[in-house]
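Okay, here's what each chain looks like letter by letter:
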Amino acid sequence: MSGRLRAFRSLPHRLSAGPALKDSDEFDFGPDVLNIGDAGAQFLLGLARSPLVFYPHYKYHLPLPMVLMIENTNHCNADCVMCPRDTLSRKRGFMDLGLFEKIIKEASAEKRKPVTHLHGFGEPLLDKLLPDKIRMAKDHGITRTYIVSNASRLFPETARKIIGAGLDKMKISFYGTDAESYNTTMRHLNFDVTLQNIKDFLRIRREMQSATPRLIVQYLPNETNHARVAEFKALWEPLLDRRAGDTLNVSTLHNYGGGRAYNPMRGKIASVCYFPWTSMSVLWDGRVVTCCMDSNGVQVLGDLNHQTVQEVWNGPVLAGVRKDFANLDYRKYPVCTTCDWVRRR
């Protein structure tokens, strides 16, 4: 058993593929539909436990995904103790700007624009073209853009660029309350540098008189950072601007399908995963996978180098996935059978 896994072992821990709905039909679950700790996600998981009652949700899907997750890179400059990057076997790279533009154009073709995540299994700020990609998404009418970052590269020049490009929201993973706990958990990063980066970002956002991006600072209690939730709140609450919508989030570990399991796989599969009805996850090389938990790109649904977003989203492969998931049949999906989402009650 790896040292990383040992460090976390002791922690507490619908029914038819159907046709697409009209774009005018209201079916919005908010900008954080993919975050397991959010109220919206918990609500959806609650519906999944009673598929007969909520049959219409699983019978229909919108003509394009509500949430578009585009991995701009899978490179990362950190070696966080909980992250299964040591199991990453696929090639590393950055998404080509031409491919990104193609995806954005196709995904924003309908009146309804998707919530667009510009990150994946890597650190998005390593991508020098990230500000251009944010601006391109905004130019195509996308009103909700979002990244998750460790902020180690959020230097003042970068902060000005992403604020100026129009980024709407940024979640920062900050897994420590002092240099010892942070540097031990988020290896290869530096507590003082990252803390100063975030302080500078907040100052620059005020100077630019911008209300965005709204900031979420996230903490993941664990053995290496001593699970100091109170100290984490005491560190950040005086710094954040609540009027701008800045918030704190205390998260929990989840199992990466095919990557690493932290939570015991108890009980049988009991819930329908709603990702195939709501979200599209695109790897940096253009391949579409079942969800962001498929860190190694095992369950491929299509390739946007050769297909359109519409062809993949409304095509036979994803239709088959929806049918299988609606019937709680995950036998063909090894990543899903090792994920704790489908066993949540």
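Every value quoted in this text rests on a predicted model; they were computed, and no experiment measured them.

Student: What exactly am I supposed to notice about the overall build of the chain here?
Tutor: In terms of regular secondary structure, the chain is built from 13 helices and 11 strands. Looking at the chain as shown, the accessible area adds up to about 14500 Å², and 54% of this sits on carbon and sulfur atoms.

Student: Explanation requested: the environment of His119 in the structure shown.
Tutor: Within the secondary structure, His119 sits in the loop between β3 (115-117) and α5 (130-139). His119 sits in the buried class, given a relative accessible area of 9%. His119 sits 49 residues away from Ile70 along the chain, and the two C-alpha atoms are 5.9 Å apart. In this view, His119 contacts Met69, Ile70, Glu71, Asn72, Pro124, Tyr146, Ile147 and Val148; residues no more than four positions away in its chain are not counted. From its side chain, His119 meets the backbone nitrogen of Val148 in a polar contact 3.3 Å long.

Student: Any chance you could explain helix α6 (residues 156-165) here in plain terms?
Tutor: Along α6, the residues classified as buried are Ala159, Ile162, Ile163 and Ala165. End-on view of α6: buried residues confined to an arc of 165 degrees, all on one side of the axis. Residues of α6 that are buried make contact with α5, β5 (169-173) and α8 (191-207). Phi turns positive one or two residues past the end of α6, at Gly166, with a value near 105 degrees.

Student: Got a minute to help me understand empty space enclosed by the protein in this structure?
Tutor: The method is simple in principle: a probe with the dimensions of a water molecule rolls over the atoms, and the space it marks as empty is what remains. Estimated volume of the largest cavity: approximately 140 Å³. Along the wall of the largest cavity there are 16 residues; nearest its centre are Cys273, Phe275, Cys291, Phe325 and Cys336. Tallying contributions element by element places helix α12 (residues 316-326) first for the lining of the largest cavity, with 3 residues. Taken together, the residues of the lining of the largest cavity break down into 15 nonpolar, 1 polar and no charged.

Student: Help me understand the pattern of salt bridges in this model?
Tutor: A pair can form between side chains of opposite charge whenever their charged atoms are brought close. The tally for this structure, following the rule as stated, stands at 16 salt bridges. Here Lys102 ties to Glu106 by a salt bridge, and the two come within 3.0 Å at their closest N and O atoms. Of this pair, Lys102 and Glu106 are both found in helix α4 (residues 97-107), 4 residues apart, which corresponds to roughly one turn of the helix. Residues Arg135 and Asp132 are paired through a salt bridge, measuring 4.0 Å at the closest nitrogen-oxygen approach. Linking Arg135 with Asp132, this pair stays in helix α5, spanning 3 residues, or about one helical turn.

Student: I'm lost on the side chain of Asn296 in this one. Help?
Tutor: With respect to the helices and strands, the residue Asn296 is situated in the loop between β10 (287-289) and β11 (300-303). Accessibility expressed as a relative area gives 16% for Asn296, which makes it buried. In terms of polar contacts, Asn296 uses its side chain to reach the backbone carbonyl oxygen of Thr87, at 2.9 Å. The residues contacting Asn296, other than those within four sequence positions of it, are Thr87, Leu88, Ser89 and Arg90.

Student: Honestly, the sheet that holds β10 in this entry has me stumped. Any pointers?
Tutor: Remark on secondary structure: sheet strands pair via backbone hydrogen bonds, oriented parallel or antiparallel. Strand order in the open sheet formed by 9 strands is β8-β7-β5-β4-β3-β1-β9-β10-β11, and the pairing between neighbours is mixed. Both edges of this open sheet fall to β8 (247-250) and β11, since each of them pairs with a single strand only. Between one strand axis and the next, the sheet turns through 25 degrees on average, direction left out of account. Judged from the 3 bridges that link them, β10 and β11 form a sheet pairing that is antiparallel. Bridge pairing in β11 links Arg287 to Asp303.

Student: Can you help me understand the nonpolar core in this one?
Tutor: Considering soluble globular proteins, one finds that nonpolar side chains tend to be buried as a cluster. Core analysis: the biggest nonpolar cluster contains 80 residues, and Ile103, Leu154, Met170, Phe174, Leu215, Trp236 and Met280 have the highest contact counts within it. Those residues in contact with Leu215 that lie beyond four places of it in its chain are Met170, Ile172, Ile198, Phe201, Leu202, Arg205, Leu240, Gly245, Asp246 and Thr247. Judged by nonpolar contacts, the second largest core, of 5 residues, contains Leu62, Met66, Val67 and Val115.

Each value, and the rule that gives it
Residues numbered from 1 in each chain as written. Predicted model: local features only at pLDDT ≥ 70, side-chain atom pairs only at ≥ 80, totals over all residues. Heavy atoms only, no water. Helix = DSSP H or I, 4+ residues; strand = E, 2+ residues; numbered from the N terminus. Areas by Shrake-Rupley, 256 points an atom, 1.4 Å probe, with all protein chains shown as cover. Buried < 20%, exposed > 50% of the residue type's maximum accessible area, 1.4 Å probe, protein only. Contact = heavy atoms within 4.5 Å. Polar contact = N/O pair within 3.5 Å; in protein donor to acceptor, adjacent residues only side chain to side chain. Arc of directions from axis to C-beta. 1 Å grid on protein atoms, 1.4 Å probe; cavity = no way out; pocket = protein on both sides within 12 Å on 5 of 7 lines; lining within 4 Å. Points joined across faces, edges and corners; volume = space filled by probe spheres on them. Nonpolar A, V, L, I, M, F, W, Y, C, P; charged D, E, K, R; others polar. Salt bridge = Lys/Arg side-chain N within 4 Å of Asp/Glu carboxyl O. Pairing = 2+ DSSP bridges. Axes fitted to C-alpha atoms, helices over the stretch in contact; angles between N-to-C directions. Core = buried A, V, L, I, M, F, W, Y, C linked by side-chain atoms within 4.5 Å.

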